[in-house]
Amino acid sequence: MIHGKRVASFLLVMTLCLGLAFQVQASELNETRDKASELNEKKQKAENERASLAEQLNSIVADMEETQSKIDAKEEELEVKEEELEVAKAEENDQYESMKMRIKYMYENGDVQFMEILCESKSIGEFLNTAEYITTISEYDREMLVEFQEVVKKVEEQEAALKEEYAELETMQNDLISKQEEVNTLVTEKEVEISQLDSELKDTNDKLAKLEAAAAEAQRKQNESGSGYNPGGAGGSVVSGNGTFTHPCPGYTRISSEFGWRPQPLPGASTNHKGIDFAAPTGTRIHAAAGGTVTSAGYNGNAGRMITINHGNGLITMYMHCSELYVSSGQKVSKGQNIAAVGSTGNSTGPHLHFQVMLNGTPQNPHKYL
């Protein structure tokens, strides 16, 4: 009798130790899976940012090419305008020199020649015509000089405007070059980040593979020893209660958050709670409240890993924040079937099952069905 009690005590202690070890192992497995999921999300985000930077870079290069075309065109305009200016200055100088020569000639010959020309006039009419002709020549020289000076001034103004536009284009091009260098630096940094995430993700996935292999081996040994603890695999069906639905988390009846209004538990969380939260340890089995078809099973933002089951007649149930999912979309499930494990994924303050009932798209108090 005493020997039998010792054996039973020993087996009990071993079972408890094994269960504790399994709990630690399951917790590490879930944490590693969550880390792998988080790293995948970070990598995807980094790759999206790199793609966005690449688009910016392409746009900058296109702007640079367009600006360079404008600079080349402006250089050609400047070259033409500089030639026009040189010609205008030469014509102005020629007119000035011609006028100086005529003035000098008239000055050196003085009034004698002027008087001789006038005296040789055979009539007062010829005299007046000759005097007018000399005056006309002088006025023509002055007018032509003014005209040439105005042309030079106009061309100089055009050249100055072209130089200003050219300087603005060069400034724009230099700004684009600086921006290109900045974006290139960001792209390089993002590539380094992605490379680091790839390396970390590989290590995490390697660790996850080892943990899953160890969990599978532990499950095999557990099945051989007859222990009732399940560290992460799906278990059998459990039906409890007399309501329309079986309890989704049998044995765990403490509710950490009721249906309806509640204080905001986390930033971004709703104060209108659309389900009830069953507090339970990570890895606790979650069971289908009733038979139906799984319409979705995967990760869903604030809800974390979640499952939605359609029971027909507008009635659906949702199971949120799971650590493990044992069913997939499109699968038929029976009442009480083990479909997932409790976790704390998504927007969650700790391990629990958020159980939600919807009727024709409107949230219902789950207590009416349990």
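Located above this text is the structure these notes cover.
Summary of the structure given here. As the structure is a computational prediction, the values presented were derived from the model and not from experiment.

Re the pattern of salt bridges
Logical step 1: Here the structure, examined in full by the defined rule, presents eleven salt bridges.
Logical step 2: The salt bridge partner of Glu 200 is Lys 35, with a shortest N-O separation of 3.7 Å. With a gap of 165 residues between them, Glu 200 in helix α2 (residues 124-225) and Lys 35 in helix α1 (residues 2-119) connect regions that are remote in the sequence.
Logical step 3: Here the residues in one salt-bridge network are Glu 49, Lys 190 and Glu 193, joined through shared partners.

Let's talk about a negative patch on the surface
Logical step 1: On the surface, a cluster of negative charge is made up of Asp 72, Glu 75, Glu 76, Glu 79, Glu 82, Glu 83, Glu 86 and Glu 170.
Logical step 2: Along the chain, Glu 83 turns up in helix α1.

Describing the pairing of strand β12 (residues 352-359)
Across a regular strand the side chains alternate sides, sitting on one face of the sheet and then on the other.
Logical step 1: For β12, a buried count of seven out of eight residues is recorded, marking the element as mostly surrounded by other parts of the structure.
Logical step 2: Where strand β4 (residues 276-279) and β12 come together, four bridges link them in antiparallel fashion. Across the sheet, the residue bridging to Ile 276 is Phe 355, located in β12.
Logical step 3: Of the pairings in the sheet, the one linking strand β8 (residues 315-322) to β12 comprises six bridges and is antiparallel in character. Across the sheet, Ile 316 pairs through a bridge with Met 358, a residue of β12.
Logical step 4: Two strands pair when backbone bridges link them, and β12 and strand β13 (residues 362-364) are joined in this way by three bridges, in the antiparallel orientation. Residue Met 358 lies in a different strand from β13, and its bridge partner there is Pro 363.

Quick notes on the nonpolar core
Logical step 1: Counting 24 residues, the largest nonpolar core has Tyr 319, Ile 339 and Phe 355 as its most contacted members.
Logical step 2: Counting residues in hydrophobic clusters, the runner-up holds seven residues, among them Met 64, Leu 176, Val 183 and Val 187.

Regarding unusual backbone geometry
Logical step 1: Its identity as a non-glycine residue notwithstanding, His 321 has a phi of 70°, on the positive side.
Logical step 2: Among the structural elements, His 321 can be located in strand β8.
Logical step 3: According to the relative accessible area criterion, His 321 is buried, its value standing at 7%.
Logical step 4: Even without glycine at this site, Asn 360 takes up a positive phi of about 55°.

Rules used throughout
- Residues numbered from 1 in each chain as written.
- Predicted model: local features only at pLDDT ≥ 70, side-chain atom pairs only at ≥ 80, totals over all residues.
- Heavy atoms only, no water.
- Salt bridge = Lys/Arg side-chain N within 4 Å of Asp/Glu carboxyl O.
- Helix = DSSP H or I, 4+ residues; strand = E, 2+ residues; numbered from the N terminus.
- Patch = residues over 30% accessible without salt bridge, like charges linked within 9 Å, V, L, I, M, F, W, Y side chains within 5 Å.
- Areas by Shrake-Rupley, 256 points an atom, 1.4 Å probe, with all protein chains shown as cover.
- Lys, Arg positive; Asp, Glu negative; His and termini not counted.
- Charge placed at Lys NZ, Arg CZ, Asp CG, Glu CD.
- Buried < 20%, exposed > 50% of the residue type's maximum accessible area, 1.4 Å probe, protein only.
- Pairing = 2+ DSSP bridges.
- Core = buried A, V, L, I, M, F, W, Y, C linked by side-chain atoms within 4.5 Å.

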